[in-house]
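If you want the building blocks of each chain, they are given just below.
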Amino acid sequence: MDENNLRTDGNMSREQSCFAQDEGSDTESEQTVTSSSSSSASSPMPIEDLGPVFNVKGIRATADSSVLTFRISRIDDPEIRDSWWEVTRSYEEFEAFNRLLVDCQKFGGMIYPPLPPPLTSKYEENFAEAPIIHRKQIERYLQMVALHSTLGRSQALADFLSPTYVIAEKTGRKGLFAKLAESFAGSSQPTKVPLRDIEEFFQNERDWSANYSIHLKTTLNAVLTVIHSEKKIIGQLKHLCTALSMNAPSSYQQETSRIHHQLHSKMADSFLSIQDLTEDGLQRGLCDFYCIWDLYLQYLANEQLMLNRRTALLINYENANRNWDKAKAHKRDEAEAAKKAAETAFEECSDVARHEIKAFQKQRVQEMRLNLTQLARSELARARSIRASLQRALDQARLFPVPDDPHLSSLYS
């Protein structure tokens, strides 16, 4: 790597990340996800003990999140652990990278981290928080890929995070699993699968994933309703602050109007503080909550695609067995080879899938638990701050000096 592209932490500017994530929570989240990547599987996966190679942090993005800048460092090499470089990628480059990542994998048992869909295809036009959620989800997607035991050490990721990266998509024939993924994702009809899987582990996972996805969608819709409601409250607070601030003294009963205006100004300042607290809490609380849980809803869809790929390999294996039983003598060797190839592909997919499911579930539980804890802390802190702001406004009103005028004293006694 070119040394001119590396920077040291001593020269790192203290610019605020536009992804609006707290440094402390970032560290806690990354440690959680890293530790959750280890799990037992039916076949040994020694690569997982090596740990992640890259650390990824989003620092800048355009308003529509179409172009994003990340700070990258290598954490597998102690000599350059404190060095970092920046890369800027467009959403189109992320789409190309995601396609390449899926196409270059050998086994069908992989659960790929989900790349969020384009911003314009998912959210309403007046949803102001959509670009913020989209930026955070893309950053989390890249972090998930970097923390993945296999994808995190792929050449595709190393090339994508290189300062000299250029798009180099394959234009030839697509791999088997890329075709299967596209066919399952693009089909409008429900996929025909056996009534029950031959392994209880995968059947239970299929049932749980389908049921959990339904409840998760319901939860996310409820969260969106709360977000829109809080946006309306913020809008009403703005109108209230404006009305209170514009209450200027009139010539009639000028002294009384002046006192009214001063009191209204103090209340407007209090409501303005509450408005800021609500906006900040919305972005750091409910929007962060929606960002992570919506990403895992997409992750569950990718898990279901993986289970469908495994089902397709199972069907292929069963067909190969039937063809071998019916094969004539001169076709026997060819049928035997096809049967062994189908059996190997299915067993390798099952081994990888079992390992991926266990790692995914452990990561999901730990990250969602952390996210819920952060949401609860954020909401409690916001409620305390709002209460304190209202208390200050009330105390100021009580201590407000009223001139020694019998008429005024009777009004404010």
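Asker: It is not clear to me how the overall build of the chain should be interpreted in this structure. Could you clarify?
Answerer: Helix and strand counts for the chain stand at 9 helices and 4 strands. In the chain, the succession of α and β elements from N to C terminus is β-α-β-β-β-α-α-α-α-α-α-α-α. When the 413 residues of the chain are sorted by exposure, 43% land in the buried category. A fraction of 77% describes how many contacts in the chain between residues 6 or more apart in sequence connect residues 24 or more apart. Of the roughly 22400 Å² that the chain leaves accessible, carbon and sulfur atoms contribute 53%.

Asker: What should I look at first to understand the packing of aromatic side chains in this one?
Answerer: In the structure shown here, the tally under the stated rule is 12 aromatic pairs. Between F94 and Y141, the ring centres sit 6.3 Å apart and the planes meet at 65°, which makes this aromatic pair edge-to-face. Placement of F94 in helix α2 (residues 91-103) and of Y141 in helix α3 (residues 130-147) is noted, with a sequence separation of 47 residues between them. Taken as a pair, F94 and Y141 share a single burial class, namely buried. Between F160 and Y165, the aromatic rings sit 5.1 Å apart at their centres with planes inclined by 75°, giving edge-to-face as the arrangement. Like Y165, F160 is buried. Taken together, the ring pairs connect F70, F94, F97, Y141, F160 and Y165 into an aromatic cluster. In this arrangement the basic side chain of R310 is found over the ring face of F202, its NZ or CZ atom lying 3.8 Å from the centre.

Asker: Please clarify how the state of the cysteines should be interpreted in this entry.
Answerer: Disulfides are covalent bonds that link the sulfur atoms of two cysteine residues. Applying the stated criterion to the full structure yields 0 disulfides. Of all cysteine sulfurs in the structure, the one in C287 sits closest to C291, which takes part in no disulfide; the separation is 9.0 Å. Note on C291: relative accessible area 2%, which makes it buried.

Asker: Can you help me understand the environment of T344 in this one?
Answerer: Among the structural elements, T344 can be located in helix α8 (residues 332-398). You can call T344 partly exposed: its relative accessible area is 39%. On a C-alpha basis, the gap between T344 and Y317 in space is 9.1 Å, while along the polypeptide they are 27 residues apart.

Asker: Is there a simple way to explain the pattern of salt bridges in this structure?
Answerer: Between side chains of opposite charge, a pair can form when the charged atoms approach closely. Following the criterion strictly, the structure yields 15 salt bridges and no others. Its salt-bridge partner being E199, residue R354 comes within 2.5 Å of it at the nearest N-O pair. Taken as a pair, R354 in helix α8 and E199 in the loop between α5 (176-186) and α6 (200-245) lie far apart in primary sequence, 155 residues in all. You can call E199 partly exposed: its relative accessible area is 24%.

Asker: Looking at this structure, I do not really get the pairing of strand β2 (residues 54-61). What am I missing?
Answerer: Strand residues, when the strand is regular, have side chains that alternate between the two faces of the sheet. Pairing of β2 with strand β3 (residues 67-74), which is carried by 7 bridges, proceeds in the antiparallel orientation. Looking at β3, one finds that V56 is bridged to I72. Count of turn residues in the β2/β3 antiparallel hairpin: 5 residues, of which S65 carries a positive phi of about 55°.

Asker: What am I meant to see in the side chain of E356 here?
Answerer: Within the element layout of this structure, E356 appears in helix α8. Buried charged residue E356 carries no salt bridge. Nearest counter-charge: R309, at 7.6 Å. In this view, E356 contacts G109, M110, I111 and H148; residues no more than four positions away in its chain are not counted.

Asker: Just checking my understanding: could you explain the nonpolar core for this structure?
Answerer: Nonpolar side chains in soluble globular proteins tend to end up buried together. Counting 35 residues, the largest nonpolar core has L216, I227, Y290 and W293 as the members making the most contacts within it. Those elements that place two or more of their residues in this core are α3, α6, α7 (254-326) and α8. Considering every element that reaches this core, the biggest residue donor is α7, with 15 residues. If you look at the next biggest cluster of nonpolar residues, it comprises 27 residues, including V87, F94, F97 and A156.

Asker: Could you clarify how one ought to interpret unusual backbone geometry in this entry?
Answerer: Look at S65: it is not a glycine, yet its phi comes out positive at around 55°. For S65, the location among the structural elements is in the loop between β2 and β3. Using a relative accessible area of 1% as the deciding quantity, one classes S65 as buried.

Asker: Would you mind going over the packing of α6 against α8 with me for this structure?
Answerer: Between two packed helices, what matters for the description is the angle formed by their axes and the separation of those axes. Viewed as axis vectors pointing N to C, α6 and α8 meet at an angle of 25°, and their least axial separation amounts to 14 Å. Classed by the angle they form, the pair α6 and α8 counts as roughly parallel. The crossing of α6 and α8 is left-handed. Counting all contacts with α6, which are made through F201, F202, E205, W208, Y212, L216 and E230, the residues of α8 involved are S350, A353, R354, I357, K358, Q361, R364, M368 and R382.

Asker: When you look at the confidence of the model for the chain in this model, what are you seeing that I'm missing?
Answerer: Regions with low pLDDT should not have their predicted coordinates read in detail. When pLDDT is averaged along the chain, the result is 78; 75% of the residues meet or exceed 70. At the low end of the mean pLDDT range in the chain sits helix α1 (residues 23-36), at 42; at the high end sits β3, at 93. In the predicted structure, residues 1-48 sits below a pLDDT of 50 and forms 96 contacts with residues beyond four places in sequence or in another chain. Throughout residues 184-191 the model reports pLDDT below 50, and contacts reaching past four residues in sequence, or to other chains, amount to 7 contacts.

The rules we used
Residues numbered from 1 in each chain as written. Predicted model: local features only at pLDDT ≥ 70, side-chain atom pairs only at ≥ 80, totals over all residues. Heavy atoms only, no water. Helix = DSSP H or I, 4+ residues; strand = E, 2+ residues; numbered from the N terminus. Buried < 20%, exposed > 50% of the residue type's maximum accessible area, 1.4 Å probe, protein only. Contact = heavy atoms within 4.5 Å. Areas by Shrake-Rupley, 256 points an atom, 1.4 Å probe, with all protein chains shown as cover. Phe/Tyr/Trp six-rings, centres within 6.5 Å; stacked < 30°, edge-to-face > 60°. Lys NZ or Arg CZ within 6 Å of the ring centre and 35° of its normal. Disulfide = S-S within 2.5 Å. Salt bridge = Lys/Arg side-chain N within 4 Å of Asp/Glu carboxyl O. Pairing = 2+ DSSP bridges. Lys, Arg positive; Asp, Glu negative; His and termini not counted. Core = buried A, V, L, I, M, F, W, Y, C linked by side-chain atoms within 4.5 Å. Axes fitted to C-alpha atoms, helices over the stretch in contact; angles between N-to-C directions. Parallel < 35°, antiparallel > 145°, perpendicular 65-115°, else oblique. Left-handed = near helix turned anticlockwise from the far one by under 90°. pLDDT = per-residue confidence, 0-100.

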